[in-house]
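Working through the structure, step by step
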Amino acid sequence: MKNFRLIIGALGTILILLVAVPLVRMIVAADPALLRATISDKEVLTCVSLTMRAALWATLGCAIFGIPLAYALARWRFPGRSIVQGLIDLPVMIPHTAAGIALLMVYGKAFFLGKAFSMLGISFVGTEAGISLAMAFVSFPFLVNAARDGFISVDTRLEKVARTLGASPWQAFFKISLPLAWRPILSGGIMMWARGISEFGAVIILAYHPMTAPVLIWERFEAYGLKYARPVAVLLVLLCLAIFALLRGLAAKRRSD
Amino acid sequence: MLRLKDVTMSLGSFRLTNVSLHVEQGAYLVLLGPSGAGKTVLLETIAGLHRVDSGNIFLDGKEITSLPPEKRRLGVVYQDYALFPHMTVYENIAFGLRLRKQPKELIRQSITKIAEFLEITPLLDRRPQRLSGGEKQRVALARALVLRPYVLLLDEPLSALDQYSRNRLRRELKRIHREIGVTIFHITHDLNEAFFLADKIALMKHGTILQEGKPAEIHEKPRNQTVAELIGIKNFLEAAPRSSGLHTKLGRFELSPLPCLPEGTSKVVLTIPAWSIELLPKRQNQIYAWRGKMKVTDLNIGDEQVEIELTHTSGQSVKTVLSRRELAKMFNPVAIGDAVQVGIWKQGLSIII
C-alpha cells in the first residue's frame, strides 16, 4: 500500500516537473531590467495586443458558428454525425504548419475562394484576418467540444417542459439551453482564445507579418539569440498563465454551484 | 376533451400502435403499465414533442395533431420535476406567463394565488436545488397549473418520492383535481396509485392500449390475462365450463348463473384476486364458490401484509394476502406445513375466454 502510493506519486511528480521546471526557470531567470524594457518596447506591445485581438476575433467568430454546431451534435442524431465529430477533432492532430499550408491553398489568391474574398477587399495572406483564420482553424475544437459537452449536460426535459409552457424552439434555446450551458461554453471559449494566442505554425505560414507574439519570439531568437527572445517569451507565458488561472477559477466556481 | 384516434408513431426501435383513448372533461385518467410500455412516449406525443406517423389527436374538439407543443396549452410535470435550475421558484412559475407577455402585476397575482393554493409561498425566492422532492413536485405543479392548461399531463409524478411524501402528494393530487377541476392524464406503473386516483384507467403494454374503463369495470372484467396480471391478479386457473359450474384442478366452482359464454367454449381461465381467498371461512355458504382444504406452502410477513401460498392436493397452488391484524387475530396462527380450511368467494372472480 505504502509503495503503491509512493510510486504513483513519484511518476506523477516527474511529469509535473517536466512542465513546471522550464517555465519556472524561465520566469525566475528573467532579468527584471530587461523585462521592464520589454514591457515598454513598442514593437512587443503591438505584437502582443495584435495576438490577443486576433485570437479574440477568432473565438467570437467561431462562437457564432460553433455553438449551433455544438448544439446539433449534442441533441440530434443525423447521418454523417460521427464524420463531423471526427473533422472537429482533426485540427488537434495534424501538424499546424500543414494546416497553414492547407489554408494558404484555399484562401490564397490562387484559389477561387481567396479570389472571391479579395474581390470583397478581404485578404488572408499577411493580414490580421489571416492570423485570425489560422488561429480559428487550429483552436476551434476547444470551443465546440466544450460547448457540446455543456449542452449534453443540460437535461432535454428542461427544453421539453419549456416548450409545453409556451416557448418556441428559439426561446427554449436562448432561455434554457444556452444559459445552462453557458459556463462550459465560456471556459471552452477562453481555452480556444489561449490556444489561439499561442499558435505559431499555422500563423507563420499564412502571415509572417503583421507579427504575432509567438512569431516575434521566433524572430528575436533567430536574429538576436536567446537573451533577447527570453523576455518576450516570459511576458507571453505570464499572460497565458493569467488567462489559465481565470479559466480554472471559472471551472471551480462551476463545481461549487 | 382529449381524444386520440389510432395514433401510431415510432421512435428508434420503439413503436406506439393504434392508440385510441378518450379523456372526458374534468376526468382523472391514469395510464397504467410496466416500465418500457411506452407511457412517457405517449405522454410526450400528446404534448406535441414527438411527431405521429398516423392517427389524430383532438383537444376540445379541435385537431391538434400537427400543432407545436407551445400552441397546445397542455401542462407537463415530469418524474424528476424538470425545474429550471438557473431560476428561482418564482421565476420558474412565471416562465410561461412571461412568455405570454402578461403584465407584471397580473403575473404576481397569479403566482401568489397558485402558491397559496399549493402551500409553497415561503419557497418562492429559493432555487430548486434547495427544495425537497415533495416541494419540487408542488413547484412543478404550480408552474403547469398557473397557465390553466386544458389537460395536466403527469409523468410518474410520485415515483421519485419517499413513501411519506408520496402518500401526502397522492392526496394532494386528488385535492387539486377536485378543487381546480382540471382534466388530468397521469401515467404510472404503481397499481395502488392508479386505483387510488383514477376515475378511469387505461392499461398499456408494448405500445398498445390493452383496456380502458372505470377501475371497478377493469377489476370485474379484465379483458385478458395480461390485463389481469397488470392489475395485480396472481391466480389463474384453467377451467372447463359445464352446466353444473366451472371445473378446475381444485374441483368444481359454483358460479350461478355462469356468465354467457360463446357457443362451444370448452376452456376458459378463471381469475382469482388474492382478497377473494379466505382462510378459515365462516360466512354463509352461498358466498363461496369453492371450499376445501389446502396446505400452507409459503408464508412471507411484510410490514403490513402477509403473503401466503396455499397448495391443493392436486398440486394447484394459489396466493392470498392477509393483513397482519387478521393473522394476529387467528386462534391458531398459521405456519408453513399447516393444512387449513379455505373458502374462495364468488365476489371478485372473473372469467377470461
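The structure displayed is predicted, hence computed values, not measured ones.

So, how was this worked out
Residues numbered from 1 in each chain as written. Chains lettered and ligands numbered in written order. Predicted model: local features only at pLDDT ≥ 70, side-chain atom pairs only at ≥ 80, totals over all residues. Helix = DSSP H or I, 4+ residues; strand = E, 2+ residues; numbered from the N terminus. Buried ≥ 20, exposed ≤ 12 C-beta atoms within 10 Å, placed from the backbone. Contact = placed C-beta atoms within 7 Å. Nonpolar A, V, L, I, M, F, W, Y, C, P; charged D, E, K, R; others polar. Domains from an automatic or database assignment. Pairing = 2+ DSSP bridges. Axes fitted to C-alpha atoms, helices over the stretch in contact; angles between N-to-C directions.

**A few points about the overall build of chain B**
A count of helical and extended segments in chain B gives nine helices and 20 strands. C-alpha extents for chain B along the principal axes are approximately 75 × 45 × 35 Å. Burial statistics for chain B: of 353 residues in total, 37% are counted as buried. A sequence separation of at least 24 residues applies to 67% of the contacts in chain B between residues at least 6 apart.

**Here's the deal with the interface of chain A and chain B**
At the junction of the two partners, chain A supplies 15 residues and chain B supplies 19 residues. At the level of elements, α8 (156-164) and α9 (169-197) of chain A are the ones that each hand at least two residues to the side of chain A that touches chain B. Looking at which element gives the most residues to the side of chain A that touches chain B, the answer is α8(A), with six residues. When its residues are assigned to classes, the side of chain A that touches chain B shows seven nonpolar, four polar and four charged.

**Let's talk about the domain arrangement of chain B**
Segmenting chain B into domains produces domain 1 (2-222) and domain 2 (233-352). Just the C-alpha atoms count here: the centres of domain 1 of chain B and domain 2 of chain B sit 39 Å apart.

**Focus: the environment of A:Ile190**
Residues and elements named next belong to chain A. Examined against the element boundaries, isoleucine 190 turns out to sit in helix α9. Since 21 C-beta atoms lie within 10 Å of it, isoleucine 190 is described here as buried. Separated by 53 residues in sequence, isoleucine 190 and isoleucine 243 have C-alpha atoms that sit 7.4 Å apart. For isoleucine 190, the residues in contact, after removing those within four places along its chain, are Ile243, Leu246 and Leu247.

**Section: the sheet that holds strand β15 (residues 277-279) of chain B**
Residues and elements named next belong to chain B. Taking strand neighbours across the sheet as the criterion, the five strands line up as β15-β19-β16-β17-β18 in an open arrangement whose pairing is antiparallel. The sheet terminates laterally at β15 and β18 (317-323), the two strands that pair on one side only. If you compare each strand with its neighbour and ignore which way they point, the axes differ by 45° on average. In terms of strand pairing, β15 meets strand β19 (residues 339-345) through three bridges, oriented antiparallel. Each bridged residue has a counterpart across the sheet, and for leucine 279 the counterpart in β19 is valine 342.

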